[in-house]
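Tertiary structure, described
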Amino acid sequence: MKVKSLEIPEILSITPNVYDDERGYFFEFFNQEKFNECTGLNEKFVQDNISYSKKGVLRGLHYQESPMQQGKLIGVLSGEICDVAVDIRQNSTSHGKWIKERLSESNKKLLWIPPGFAHGFYTLSENTTLLYKTTNFYSAQHEKTIKWNDKNINIEWGFKEDPILSHKDRNGQDLIIK
């Protein structure tokens, strides 16, 4: 397993060891001991989620407020996404900044997004399935949505046509940058 810090150092790109041959491939999506050892973190994951989306769907930018903040470990089981994390920590030097990574079935990369970040993704392939592990349970009353096209953040998603959005994502709030 290779771990690399991204432009916002708390966000990690994780490349698992993949064993492939003429039959296909095998890799461990998650191993608690290896995750802790390779990342230096001691996170406990409590929930696994699977998300399926068609091409052109944008989900996010989602986060949960305290005390239900979530860290997320994200990987793509089939298809490809443009994955985005935005630093929403008020006292952070990177507050309002974002990172973008391509995650796909073929590159098998995982992305660790710690609590204090909003998360969203745009699907690049016809049918995309994500698996993500969270460090806290889902709480509808603590969930918040930031506009995917918030001018204060100015994310360069890289698509030309309008994304397919849920009602919740269409009506997200702006991030207040201090």
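Residues numbered from 1 in each chain as written. Predicted model: local features only at pLDDT ≥ 70, side-chain atom pairs only at ≥ 80, totals over all residues. Heavy atoms only, no water.

1. Some points on the overall build of the protein chain
Let me state the cut-off plainly: Runs of H or I in DSSP of at least four residues are treated as helices and runs of E of at least two as strands, each being numbered from the N terminus. Relative accessible area decides the class of each residue, using a 1.4 Å probe on protein chains only: under 20% of the type maximum gives buried, over 50% gives exposed, and in between gives partly exposed. We call two residues contacting when some pair of their heavy atoms lies within 4.5 Å. Accessible areas in this description were obtained via Shrake-Rupley with a 1.4 Å probe; residue shielding takes into account the shown protein chains only. Charge counting follows a simple rule: Lys and Arg are positive, Asp and Glu are negative, and His as well as the terminal groups are ignored. Charge positions are represented by NZ for Lys, CZ for Arg, CG for Asp and CD for Glu.
Scanning the protein chain from terminus to terminus reveals 2 helices and 13 strands. In terms of its C-alpha atoms, the protein chain occupies a principal-axis envelope of roughly 50 × 35 × 30 Å. Out of the 178 residues in the protein chain, the part that is buried amounts to 49%. Partitioning the intrachain contacts of the protein chain with sequence separation of at least 6 by distance along the chain shows that 78% fall at a separation of at least 24. When the accessible surface of the protein chain is totalled, it reaches about 9,900 Å², and 47% of it is carbon and sulfur. With 23 positive and 24 negative side-chain charges, the protein chain shows a separation of 4 Å between the mean positions of the two kinds.

2. A closer look at the side chain of Glu 143
Quick reminder of the rule: What qualifies as a polar contact is a pair of N or O atoms within 3.5 Å, subject to a donor-acceptor requirement within protein and to the restriction that residues adjacent in sequence count only when both atoms come from side chains.
Mapping Glu 143 onto the fold places it in strand β13 (residues 143-145). At 3.1 Å, the side chain of Glu 143 forms a polar contact with the side chain of Lys 168. Those residues in contact with Glu 143 that lie beyond four places of it in its chain are His 62, Tyr 63, Gln 64, Tyr 138 and Lys 168.

3. With respect to the nonpolar core
Among soluble globular proteins, nonpolar side chains are generally buried collectively. This is how it is decided: The nonpolar core is taken to be a set of buried Ala, Val, Leu, Ile, Met, Phe, Trp, Tyr and Cys residues, with the residues joined through side-chain atoms within 4.5 Å.
With 16 residues, the main nonpolar core has Leu 61, Val 86 and Trp 157 as its most contacted residues. Top contributing element to this core by residue count: strand β8 (residues 80-87), with 3 residues. In this structure, Ile 81, Leu 103, Leu 111 and Ile 113 belong to the second largest nonpolar core, which totals 15 residues.

4. Overview of the sheet that holds strand β9 (residues 98-104)
Where we set the bar: By definition, two strands form a pair when at least two bridges between them are found by DSSP. Only the stretch in contact is used when fitting a helix axis, every axis being a line fitted to C-alpha atoms; angles between N-to-C directions are given from 0 to 180 degrees.
In spatial order, the strands read β9-β8-β11-β6-β13; together these 5 strands make up an open sheet with antiparallel pairing. Every interior strand has two partners, whereas the edge strands, β9 and β13, have only one. Neighbour-to-neighbour, the strand axes of this sheet turn through a mean angle of 25°, independent of strand direction. Inspection of the sheet shows strand β6 (residues 58-64) paired to β13 by 3 bridges, in the antiparallel sense. Bridging across to β13, His 62 finds its partner in Thr 145.

5. Here we look at helix α1 (residues 32-39)
What counts, and what does not: The arc in question is the one spanned by the directions pointing from the helix axis to the C-beta atoms.
Listed in full, the buried residues belonging to α1 are Phe 35, Asn 36 and Thr 39. On an axial view of α1, the arc spanned by its buried residues comes to 95°, and they lie on one face. Opposite the buried face of α1, at more than 90 degrees from it, the exposed residues are Glu 33 and Glu 37. Buried residues along α1 sit against β1 (2-5), β2 (12-15), β7 (72-78) and β10 (110-113). You can read the cap of α1 off the contacts: a side-chain oxygen lies 3.0 Å from the backbone nitrogen of Glu 33, and it is on Asn 31. After α1 finishes, the residue Gly 40 shows a positive phi value of roughly 75°.

Nothing here speaks to function; it is geometry throughout.
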